[in-house]
Amino acid sequence: MPAISPINTVRGALIAIGGAEDKQKERRVLSHLCQIAGDAEAIIGVIPTASGIPEDLAALYVRVFGELGVKEVRVLHPVSRSAAADPSLLERLEGCTLIFFTGGDQLRLIAMLGGTPFAQMIRRRNAAGVPVAGTSAGAAAICQHMIARGKSGQVMGRHMVSLAPGLGLTNRLVVDQHFSQRHRMGRLLSAVALNPFLIGVGIDEDTAAAISGENLLTVVGRGSVTVVDGGELIHATVHEVEGKEPAAVLGVRVHVMTPGCSFDLVSRQPYAPALVPAPAPGPR
């Protein structure tokens, strides 16, 4: 395995994208990825493993990132768990200035990569300062606690959401995508009520929750990001109800944030676009 050289002492950004990001017009979200990757010096590693059509999807992102002027796009697609230990693949991953997971099925992604040397190197590179981004299924998978399956709707209940282990790049958040478009408030509320330590982040399409190494989440793109904070939860019955019986949840704080708004993941404080909080470094 190639040696790891830290890039800096601050963790790399995490960028969770709600899916269906604009690839033809303004391309705000993808342009943001190119910018933090180094623009003309950027080397972006595209991991299409979650997709059922990985070659086609990888080719699309190679074209789009190329049009945005990056230096190089590397397709990193282990076709088996044993391939995820290939030293030549790990060497190509190590040289990337941004790592990007495409959409698809997050369970497929984790079943193929979870716990492999490839996944372990991604965590080490992020800890050393390399940004990691994911869209749709790739956004869900960056978390330690990943939404694996769920139902649409506004009503809470333990039948609404199923959680599974993810890649573990953050243990503070549980991320849901296509949020407003697929009416997923009920399942995000349920996930937070079942584990109030987590901060729920619901991300609309063509929108990103960009999380800095200092644990500041900022909204980028066209839509909104909904933050569900259960840190002051008083009472919940999600774990008790059966079938479609409604559940109670008291003391949850909900913030709907548009582009430029931010949320400090340490203090759990939201900020309007004109107000920039002081960094509060800490573990994710």
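Use the structure listed above.
Please read all numbers here as calculations on a predicted model, not as lab measurements. (Residues numbered from 1 in each chain as written. Predicted model: local features only at pLDDT ≥ 70, side-chain atom pairs only at ≥ 80, totals over all residues. Heavy atoms only, no water.)

Draft legend 1. Structural view of the overall build of the chain. A tally of regular secondary structure across the chain gives seven helices and 17 strands. In terms of overall dimensions, the chain is globule-like: its C-alpha atoms have a radius of gyration of 18 Å, near the 19 Å expected for 284 residues. Taking the principal axes of its C-alpha atoms as reference, the chain extends roughly 50 × 45 × 35 Å. In the chain, which comprises 284 residues, the share counted as buried stands at 54%. Here the contacts in the chain between residues at least 6 apart in sequence split such that 75% fall between residues at least 24 apart. Distance from the positive charge centre (26 side chains) to the negative charge centre (24 side chains) of the chain: 3 Å. (Helix = DSSP H or I, 4+ residues; strand = E, 2+ residues; numbered from the N terminus. Rg over C-alpha atoms; globule rule 2.2 N^0.38 Å. Buried < 20%, exposed > 50% of the residue type's maximum accessible area, 1.4 Å probe, protein only. Contact = heavy atoms within 4.5 Å. Lys, Arg positive; Asp, Glu negative; His and termini not counted. Charge placed at Lys NZ, Arg CZ, Asp CG, Glu CD.)

Draft legend 2. The pattern of salt bridges, seen in detail. Per the counting criterion, the structure on display carries eleven salt bridges. Among the salt bridges present, the one from Arg-222 reaches Asp-206, with a minimum N-O distance of 3.1 Å. Here the residue Arg-222 occupies a position in the loop between β11 (216–221) and β12 (225–229), and Asp-206 occupies one in the loop between β9 (199–203) and β10 (207–211), the gap between them amounting to 16 residues. Three or more residues joined by partner-sharing salt bridges are found here, namely Arg-27, Arg-63 and Glu-67. (Salt bridge = Lys/Arg side-chain N within 4 Å of Asp/Glu carboxyl O.)

Draft legend 3. Highlighting unusual backbone geometry. Its identity as a non-glycine residue notwithstanding, Ala-20 has a phi of 50°, on the positive side. Residue placement: Ala-20 occurs in the loop between β1 (14–17) and α1 (28–37). Classification of Ala-20 as partly exposed rests on a relative accessible area of 44%. Its identity as a non-glycine residue notwithstanding, Asn-215 has a phi of 70°, on the positive side.

Draft legend 4. Spatial organisation of the sheet that holds strand β8 (residues 173–176). The strand order β8-β9-β12-β15 describes an open sheet built from four strands, whose pairing is mixed. Strands at the two margins of the open sheet, each flanked by one partner only, are β8 and β15 (253–257). Mean inter-strand twist for the sheet, computed between neighbouring axes without regard to direction, equals 15°. When β8 meets β9, the two strands line up parallel, connected through four bridges. Of the residues in β9, the one forming a bridge with Val-175 is Val-201. Strand contacts of helix α7 (residues 185–194): β8, β9, β12 and β15, with the helix running at about 30° to β12, the strand carrying the most contacts. (Pairing = 2+ DSSP bridges. Axes fitted to C-alpha atoms, helices over the stretch in contact; angles between N-to-C directions.)

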